[in-house]
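Listed below are the residues making up each chain.
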Amino acid sequence: MATKESIKQERLPRHIAVIMDGNGRWAKKRGNQRIFGHKNGVKSVRETVEASAELGVNYLTLYAFSRENWNRPDREIDALMNLLISTIDTETKTLMDNDIKLLTIGNVEGLPQKVQDKVAEVKAKTAQNQGLKLVLALNYSGRWELQEALRRYGEDVKNQRVDNGPHQPDLEQYLTTAQIPDPDLLIRTSGEARLSNFLLWQLAYTELYFTEVLWPDFRKENLYEAILNYQTRERRFGKTSEQVVRNKTKNNAPQYG
Ligand code: FPP
């Protein structure tokens, strides 16, 4: 069983992103409705947030609701929205106790007003916290984000707010993740090995980790296991292995850039 102690602090991922998958199948296996799986997924959210904060991870991004999730049955969408509100509400104390700051990416304005209000309230309440940044991807999709970024860039060019020279546009500042470093590690649960429109730009050099564990069964030890696996990877960013080994700093820090 993976333990916290076996994790090398100097090679900790700064940013972990998670596609929490398998809630529906977890519930079905138990002869229950899909929402039963989502409700049981909240414990996994709490464990993952707590473990990330305890380890000293800087950013944790959770894919809580995609734009494609609007295609689910109304009943499931309503239940998910209520679960988001109640979870954010009941977990506010944990966020405050652990100095965690809540951030969001995605089109939050497209969510029901009651969700927007709860998110705004807890973002304001945790705004001064200095520890882990918990980023909820809400009404998010990678293609939407890129389309939005290009649209806003085009407007800035039209209004001469940016120089439309022959250089590559600095698209990153137009993404909803503008202030957030790219993920070092992406975890997807439930045995599916795809990105599902998540952070398409930001995952360019991210290490991908897929586990068979269904999200409601995901515990701190599963996070440790993913991080330990990440720590065995050689991140090359297009360089050769020899270059990476030669450039390694004496404290074995990962090479970024
Ligand atoms: C995917 O499983 C999971 C979701 C679409 C929702 C995840 C949301 C929660 C666990 C609530 C968390 C709340 C906060 C505040 C982060 P699925 O339904 O696609 O599972 P399946 O593939 O087995 O059908």
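Above: the structure in question.
Residues numbered from 1 in each chain as written. Predicted model: local features only at pLDDT ≥ 70, side-chain atom pairs only at ≥ 80, totals over all residues. Heavy atoms only, no water.

Under the 1.5 Å per step criterion, the end-to-end length of helix α2 (residues 34–55) is 32 Å for 22 residues, consistent within 8% with the ideal 32 Å. Elements that come into contact with the buried residues of α2 comprise α1 (23–29), β2 (59–66), α3 (74–97), β4 (133–140) and α6 (220–230). G56 sits one or two residues past α2 and shows a positive phi near 95°. (Helix = DSSP H or I, 4+ residues; strand = E, 2+ residues; numbered from the N terminus. Expected span 1.5 Å × (residues − 1). Contact = heavy atoms within 4.5 Å.)

Right, let's get into the site of the ligand. Every one of the 17 residues lining the ligand counts as a neighbour, but D21, G24, R25, R34 and R72 are closest to it. The side chain of D21 places a nitrogen or oxygen atom 3.0 Å from an oxygen atom of the ligand. A distance of 2.7 Å is found between an oxygen atom of the ligand and a side-chain nitrogen or oxygen belonging to R34. The cavity that encloses the ligand is the largest pocket. (Near = heavy atom within 4 Å. Polar contact = N/O pair within 3.5 Å; in protein donor to acceptor, adjacent residues only side chain to side chain. 1 Å grid on protein atoms, 1.4 Å probe; cavity = no way out; pocket = protein on both sides within 12 Å on 5 of 7 lines; lining within 4 Å. Sits in = over half its atoms within 2 Å of the grid points.)

Let us look at the environment of F210. Checked against the element boundaries, F210 lands in strand β6 (residues 207–210). Sequence separation between F210 and A193 is 17 residues; the distance between their C-alpha atoms is 6.3 Å.

With that out of the way, let us pick up the nonpolar core. Side chains of nonpolar character tend, in soluble globular proteins, to be buried together. Grouped together as the largest cluster of nonpolar side chains are 42 residues, with contacts concentrated most on I16, L62, L134 and I187. Secondary structure elements with two or more residues in this core: β1 (15–19), α2, β2, α3, α4 (113–125), β4, β5 (185–188) and α6. When residues in this core are grouped by element, the largest group, seven residues, is from α3. Not counting residues within four places of it along the chain, the set of residues in contact with L62 comprises V18, M20, V45, V49, L134, V135, L136 and A137. With 13 residues, the next largest nonpolar core counts Y63, I105, I180 and F198 among its residues. (Core = buried A, V, L, I, M, F, W, Y, C linked by side-chain atoms within 4.5 Å. Buried < 20%, exposed > 50% of the residue type's maximum accessible area, 1.4 Å probe, protein only.)

A separate point is the layout of surface pockets. Quantified by volume, the largest pocket comes out at close to 880 Å³. If you go around the largest pocket, you meet 38 residues; those closest to its centre are M20, N23, Y63, A64 and F65. Going through the elements one at a time, α1, α2, β2, α3 and β4 are the ones with two or more residues in the lining of the largest pocket. Sorting elements by how many residues they give to the lining of the largest pocket places α3 first, with eight residues. Grouping the constituent residues of the lining of the largest pocket by class yields 17 nonpolar, 11 polar and 10 charged. (Points joined across faces, edges and corners; volume = space filled by probe spheres on them. Nonpolar A, V, L, I, M, F, W, Y, C, P; charged D, E, K, R; others polar.)

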